[in-house]
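# Descriptive analysis of the structure
What follows is each chain in one-letter form.
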Amino acid sequence: MIVCPKCSKENQDHYKFCLGCGAELPREAAPKAFSSSTPPHGVKAASAGRIPAAAAGGGAPGSGPSLPQTQPIQQVASIPTGAPPPMAQSAAPAPSVPSMAAAPAASPPSQTPPPGAAGGSMSCPQCGHMNAANNVFCGSCGFRLGAAPVARSVPAPAPAVSGSITLTALRADGSEAGNFTLPSPNTTVGRDTGGIFAGDSYLSPRHASFRQANARLHVRDEGSLNGVYRKLLRDAPVELQANDIFRIGQEIIRFEPLNPLSPSPDGVERLGAPSKGYVGRIALIIGRDTTGNAFPVPEAGVHLGRERGDILFPEDGYVSGLHCHLAYAGGKLTLTDLGSSNGTFLRLREEVEVQNGDVLLMGQQLFRITM
């Protein structure tokens, strides 16, 4: 149990926020053990193992050593919490990611169970976690139960774009920082647009364009330096293509598949470490054309998180304890957000359709689309 230092209420050891006052709980307690469900291809789970040197260092991973089963990979070069990434203007920055876990702690607890409580328990409208009926705050994300749920990306039928379309900038606590209404069916936004975009030096002058056609809204990256990212829906797998880039917390990650090298023009086969059982690697982008640590991705997949998983980022406070999952099936690798507090974002590689409530990451800001 974790005792809240503010109100002295006892909370379960996996809770992040106090159920009595909503204050963030101390992190001194050891994280829960994670039992990986991703043993190496063709090798039984071992009590300890090592990552193939070739795979971890950037070459093709070997097939002999097995991935660790009880000791997760530690990301030793993670960016300190709250500090901007060392890529300045050259790669995607550390935005003020709205923490959906923020909850007011000053309001006195209500003794009346919030609407929706049934059978002695209720589902958090923010993250879906089941809480006791008398809980004031969600034990998983800290959301104040009974309050209006925060707008989320929810699948919806293609809307008829008959009214205005608004981009709402979101602060770190989830509150609104300003609005921008698209002035025409075809609009380009960026630092030169002014308004809520003017003060963000990580936005390109012409960053992204929005286009309305056939009662649908599409967004396209206009060749910006730092890209346009869309927030993934919870528990909704999205296929990753070669060299796709995604973001969790402050970590910018690129998927690089393992492709066999073709013979030389005279027919000589190229030597390389064996890669049986692996589909590729994920590499951290730490600057323009600069790659940091890399980790192999086996056919069994990997979990990423701050406290639990196969690959950990313990110094990144914006990464959830168990954040996302990479899974391989049918020759395709998919990325799934596991209900993280701050979300998983995939960089756009082409023009895509967006829906009402979708959240985009551009520069250092998050923007919610309202139709």
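Each chain has its residues counted from 1, following the order in which its sequence is written. Totals for whole chains, interfaces and linings use every residue, but because this is a predicted model, local features are given only for residues with pLDDT of at least 70 and side-chain atom pairs only at 80 or more, for both listing and counting. Side-chain metrics in this entry use all non-hydrogen atoms of the structure; hydrogen atoms and water are not considered.

### Considering the overall build of the chain
Selection criterion: Think of it this way: any DSSP run of H or I at least four residues long counts as a helix, any run of E at least two long counts as a strand, and we number them from the N terminus. Three labels apply to residues, based on accessible area from a 1.4 Å probe with only protein chains included: buried if under 20% of the type maximum, exposed if over 50%, partly exposed otherwise in between. A contact between two residues is defined here by any heavy atoms of the two lying within 4.5 Å. We get accessible surface area from the Shrake-Rupley algorithm with a probe of 1.4 Å; when it comes to residues, only the shown protein chains can shield them.
Across its full length, the chain holds one helix and 24 strands. Expressed as a percentage of the 371 residues in the chain, the buried residues total 45%. Relative to all contacts within the chain whose residues are 6 or more apart in sequence, the contacts with residues 24 or more apart total 55%. Counting only carbon and sulfur atoms, one obtains 51% of the accessible surface of the chain, whose full area is about 17400 Å².

### Considerations on the packing of aromatic side chains
The line we're drawing: Aromatic rings from Phe, Tyr and Trp, taking only the six-membered ring of Trp, are treated as a pair when their centres fall within 6.5 Å; an angle between ring planes under 30 degrees marks them as stacked, one over 60 as edge-to-face, and anything in between as tilted.
Considering all chains together, one arrives at two aromatic pairs under this definition. Seen from their ring centres, F180 and F197 are 5.2 Å apart, and the 80° between their planes marks the pair as edge-to-face. Placement of F180 in strand β7 (residues 176-181) and of F197 in the loop between β8 (186-189) and β9 (208-213) is noted, with a sequence separation of 17 residues between them. Residue F180 is classed as buried on the basis of its relative accessible area of 17%.

### A closer look at the pairing of strand β10 (residues 216-221)
The criterion, for reference: Paired strands, in this sense, are two strands between which DSSP finds at least two bridges.
Pairing geometry for β9 and β10, over six bridges, is antiparallel. When the bridges of β10 are listed, Q212 appears paired with L217. Taken together, β9 and the strand that follows it, β10, pair antiparallel across an intervening segment of two residues, in which N214 is found at a positive phi of about 55°. Across three bridges, β10 lies against strand β22 (residues 352-354) in antiparallel orientation. Its bridge partner lying in β22, V219 is registered against V352.

### What about the confidence of the model for the chain?
Worth spelling out the cut-off: A score between 0 and 100, pLDDT records how confident the predictor is in each residue.
Looking at the chain as a whole, its pLDDT mean stands at 77, while 68% of the residues score no less than 70. When the criterion is pLDDT under 50, residues 76-94 qualifies, and its contacts beyond four places in sequence or with other chains add up to 59 contacts. Here residues 96-118 scores under 50 on pLDDT; set against residues more than four positions off or in separate chains, the count is 55 contacts.

### So, unusual backbone geometry
Even without a glycine there, the phi angle at N214 is positive, about 55°. When you line up the elements, N214 lands in the loop between β9 and β10. On the accessibility criterion, N214 (74% relative accessible area) is exposed. In the Ramachandran plot, A215 falls in the positive-phi region, its phi being about 60° despite a non-glycine side chain. Its place among the elements puts A215 in the loop between β9 and β10.

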